[in-house]
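Spelled out from the first residue to the last, the chains are:
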Amino acid sequence: MSPQASSIFIISLLLGTTITASSNHWIMAWMGLEINTLAILPLISKSHHPRAIEAATKYFLTQATASTLVLFSSMTNAWSTGQWDITQLTHPMSCLILTSAVAMKLGLVPFHFWFPEVLQGSPITTGLLLSTLMKLPPITLLYMTSPSLNPTLLTTLAILSAAIGGWMGLNQTQIRKILAFSSISHLGWMAIIIIYNPKLTLLNFCLYTMMTATVFLILNTIKVLKLSTLMTAWTKIPSLNAMLLLTLLSLAGLPPLTGFLPKWLIIQELTKQDMAPAATLISLLSLLSLFFYLRLAYCAAITLPPHTTNHMKQWRTNKPANITIAMLTTMSIMLLPISPMIRTII
């Protein structure tokens, strides 16, 4: 794909995200979602591999269905109340349909089946966009409509997402699929708190985006897509593998790394809202995710491949240090000490 075409699609993605995030009218929000969907499709299918074409087709069908449901929900609400304002979603059926539509767009359980397959069929840079930027417009819709949503439904979806995301990631060998199930699990943490403290959801999303971007950029630099190749990639850039180890542990939510901060604040908020059983359950389910993060970290930096006669170490690359990866890695592992300052902001 030519650089001009790529830049047009990236600008369209940013435009669609901005339109949805800044709109008050349902039609404008829907238009932003549609621009996003149309802009990402060529980026998914640019390799012309059958798996990429399949991923683009699955993504288009799922997102088109979800956009239709968003439009149907807003029209039902406008029919009942005469309001097209996003924050005035009051009709119960419209709230239910909108929750299903946004869950489908995000990849929340039980609408998660498309996401691992699409991520597996996409190039790793497109996978980064799908896991981070493409999740922002649906989350902003949830943020704006959060006072009207059904707490029981969202809590159920969140706990199921944390469970399925952790459980189905256990047996994967493809790193992109592992990161897809990791995303589903993190979305569960965001969905459970959005009604009670929407700012915490945005904080969680920002930190998750930062850590996931770090992992994707490191994998793109060392050109690794499977666990078996991750085991032999430590000879390319050993320092980068050490950073990957710390970033994965941060994604798992281990203290004293950055990823512990949103989980800590969410558990604290749930306890204040008399939801200690839900907080306990989602905390225990995060142990499932911890297992496959530890597995990835072990393959990345701790284990060594068997030294057989046909084993050959990969050449160490002489690429200059990427300042973006350096900054993202630093923030992904060292933001916990400034958590009091972050707490005062939210």
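If you're wondering where the values come from, they're calculated on a predicted model, not measured in any experiment. Position labels on residues start from 1 in each chain and follow its written sequence. Local features in this predicted model are restricted to residues of pLDDT 70 or higher, and side-chain atom pairs are both shown and tallied only at a pLDDT of 80 or more, whereas totals for entire chains, interfaces and linings draw on every residue. Computation of side-chain values: all heavy atoms of the structure, hydrogens and water removed.

### What to know about the layout of surface pockets
A water-sized probe, rolled over the atoms, reveals where empty space remains. By volume, the second largest pocket is sized at about 180 Å³. A pocket, in this scheme, is an open set of points on a 1 Å grid over the protein atoms alone with protein on both sides within 12 Å along at least 5 of 7 lines, while a cavity is a set where a 1.4 Å probe fits but cannot get out; residues line either one if an atom lies within 4 Å of a point. Lining the second largest pocket are 13 residues, with A252, G253, K263, S283 and S286 positioned closest to its centre. Contributing elements (two or more residues each) for the lining of the second largest pocket: α13 (260-272) and α14 (276-302). For this classification, Asp, Glu, Lys and Arg are treated as charged, while Ala, Val, Leu, Ile, Met, Phe, Trp, Tyr, Cys and Pro are nonpolar and the rest, including Gly, are polar. Its residues assigned to classes, the lining of the second largest pocket comprises nine nonpolar, three polar and one charged. Grid points are joined across faces, edges and corners, and a volume is the space filled by probe spheres set on the points. Helix and strand definitions here come from DSSP, where helices need a minimum of 4 consecutive H or I residues and strands a minimum of 2 consecutive E residues; each element is numbered from the N-terminal end.

### Looking at the domain arrangement of the chain
Segmentation into domains, and thus their bounds, comes from an automatic or database assignment. Domain annotation for the chain reports domain 1 (1-138) and domain 2 (150-345). Residue contacts follow a heavy-atom distance rule, with two residues in contact if any of their heavy atoms lie within 4.5 Å. Across the boundary between the two partners, domain 1 contributes 24 residues, which contact 29 residues of domain 2. We define buried area as the total accessible area lost by two parts upon association, computed with a 1.4 Å probe and summed across both. A per-residue breakdown of the area domain 1 buries against domain 2 is headed by V109, Q120 and I124, which together make up 29% of the total. Definition used for salt bridges: Asp or Glu carboxyl oxygen within 4 Å of a side-chain nitrogen of Lys or Arg. Summed over the shared surface of domain 1 and domain 2, the number is one salt bridge. K177 serves as the salt-bridge partner of E117, at 3.3 Å between the closest nitrogen and oxygen. Those elements giving two or more residues to the side of domain 1 that touches domain 2 turn out to be α4 (92-106), α5 (114-121) and α6 (124-131). Residues of the side of domain 1 that touches domain 2, tallied by class, amount to 13 nonpolar, nine polar and two charged.

### Remarks on the packing of aromatic side chains
Aromatic pairs are defined between Phe, Tyr and Trp rings, using the six-membered ring for Trp, whenever the two ring centres lie within 6.5 Å; interplanar angles under 30 degrees are classed as stacked, those over 60 as edge-to-face, and all others as tilted. Using the criterion set out here, one finds four aromatic pairs in the structure. Plain terms: the ring middles of W114 and F115 are 5.4 Å apart, the flat faces sit at 70 degrees to each other, and that makes the pair edge-to-face. Of the two residues examined, W114 and F115, each falls in the buried class. These aromatic residues form a ring-pair network of at least three members: Y59, W114 and F115. Its end group placed over the ring of F115, K135 keeps NZ or CZ at 3.8 Å from the ring centre. When a residue's accessible area, from a 1.4 Å probe over protein chains only, is under 20% of the maximum for its type it is buried; when over 50% it is exposed; and in between it is partly exposed. Placement of a positive charge over a ring is assigned whenever Lys NZ or Arg CZ falls within 6 Å of the ring centre and within 35 degrees of the normal to the ring plane.

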